[in-house]
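Spelled out, the chains give:
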Amino acid sequence: QVQLVESGGGLVQAGGSLRLSCAASGRTLSRYAMGWFRQAPGKEREFVAVISWSGGSTYYADSVKGRVTISRDNAENTVYLQMNSLKPEDTAVYYCAASYFGGVSVPSRQSSYDYWGQGTQVTVSS
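Just so we're clear, the structure is a prediction, and the values are computed from it rather than from any experiment.

Analysis parameters
Residues numbered from 1 in each chain as written. Predicted model: local features only at pLDDT ≥ 70, side-chain atom pairs only at ≥ 80, totals over all residues. Heavy atoms only, no water. Helix = DSSP H or I, 4+ residues; strand = E, 2+ residues; numbered from the N terminus. Rg over C-alpha atoms; globule rule 2.2 N^0.38 Å. Buried < 20%, exposed > 50% of the residue type's maximum accessible area, 1.4 Å probe, protein only. Contact = heavy atoms within 4.5 Å. Areas by Shrake-Rupley, 256 points an atom, 1.4 Å probe, with all protein chains shown as cover. Lys, Arg positive; Asp, Glu negative; His and termini not counted. Charge placed at Lys NZ, Arg CZ, Asp CG, Glu CD. Phe/Tyr/Trp six-rings, centres within 6.5 Å; stacked < 30°, edge-to-face > 60°. Lys NZ or Arg CZ within 6 Å of the ring centre and 35° of its normal. Disulfide = S-S within 2.5 Å.

Draft legend 1. Examining the overall build of the protein chain more closely. A tally of helices and strands in the protein chain yields zero helices and eleven strands. A globule of 126 residues ought to have a C-alpha radius of gyration of about 14 Å, and the protein chain, at 13 Å, matches this closely. Reported as C-alpha extents along the three principal axes, the dimensions of the protein chain are approximately 40 × 25 × 25 Å. Among the 126 residues that make up the protein chain, the fraction classed as buried is 43%. At a minimum sequence separation of 6, the contacts of the protein chain that also span at least 24 residues come to 61%. If you sum the accessible surface of the protein chain, you get close to 6400 Å²; carbon and sulfur atoms cover 45% of it. Where the 11 positive side-chain charges of the protein chain centre and where its 9 negative ones centre are 3 Å apart.

Spelled out as structure tokens, the structure:
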């Protein structure tokens, strides 16, 4: 079993920055690709970013590309999402997720993920 706990969310002004963290326990993250998803009120959960188990490959949604960077520290079992130039439309609950490696290095579908965190709220004011 893998437990994921997100932190770092909060309220920021448009144009500001936040760094989200995801701490894992139960199993080393080196065995998993790690992704971030988000869900705004009234909308379905959507993909944001993913990093491969080795950290050698990343993939971003078009809506955040250029403003977001995903990284991981396997020694500390932690994944980060650095968000800059935030917009009101970035407001959502952000979820960390882990996908056990099965041949897809940077999965973007929810069905590819085995474990999910509880989410952390990000609110961007205009």
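Read on, since the account is not over.
Draft legend 2. Just the packing of aromatic side chains, in detail. Tallied over the full model, the rule gives seven aromatic pairs. Of note, arginine 45 hangs over the ring of tyrosine 95, and the distance from its end group to the ring centre comes to 4.0 Å. Across the ring face of tryptophan 116, the terminal group of arginine 45 is positioned such that the distance to the ring centre comes to 4.6 Å.

Draft legend 3. Quick look at unusual backbone geometry. A positive phi angle, close to 55 degrees, is found at asparagine 77, a residue other than glycine. Inspection of the secondary structure assignment puts asparagine 77 in the loop between strand 7 (68-73) and strand 8 (78-83). A relative accessible area of 16% places asparagine 77 in the buried class. In this model, serine 85 sits at a positive phi of 50 degrees, which is unusual for a non-glycine residue. Mapped onto the elements of the fold, serine 85 is located in the loop between strand 8 and strand 9 (92-100).

Draft legend 4. Highlighting the state of the cysteines. Taken as a whole and judged by the stated rule, the model has one disulfide. The disulfide bridge from cysteine 22 ends at cysteine 96, spanning 2.1 Å between sulfur atoms. Negative torsions about the S-S bond denote left-handed disulfides, and the value of about -80 degrees found for cysteine 22 with cysteine 96 makes this one left-handed. Residue cysteine 22 is found in strand 3 (residues 18-25), and its partner cysteine 96 is found in strand 9; the two are separated by 74 residues along the sequence.

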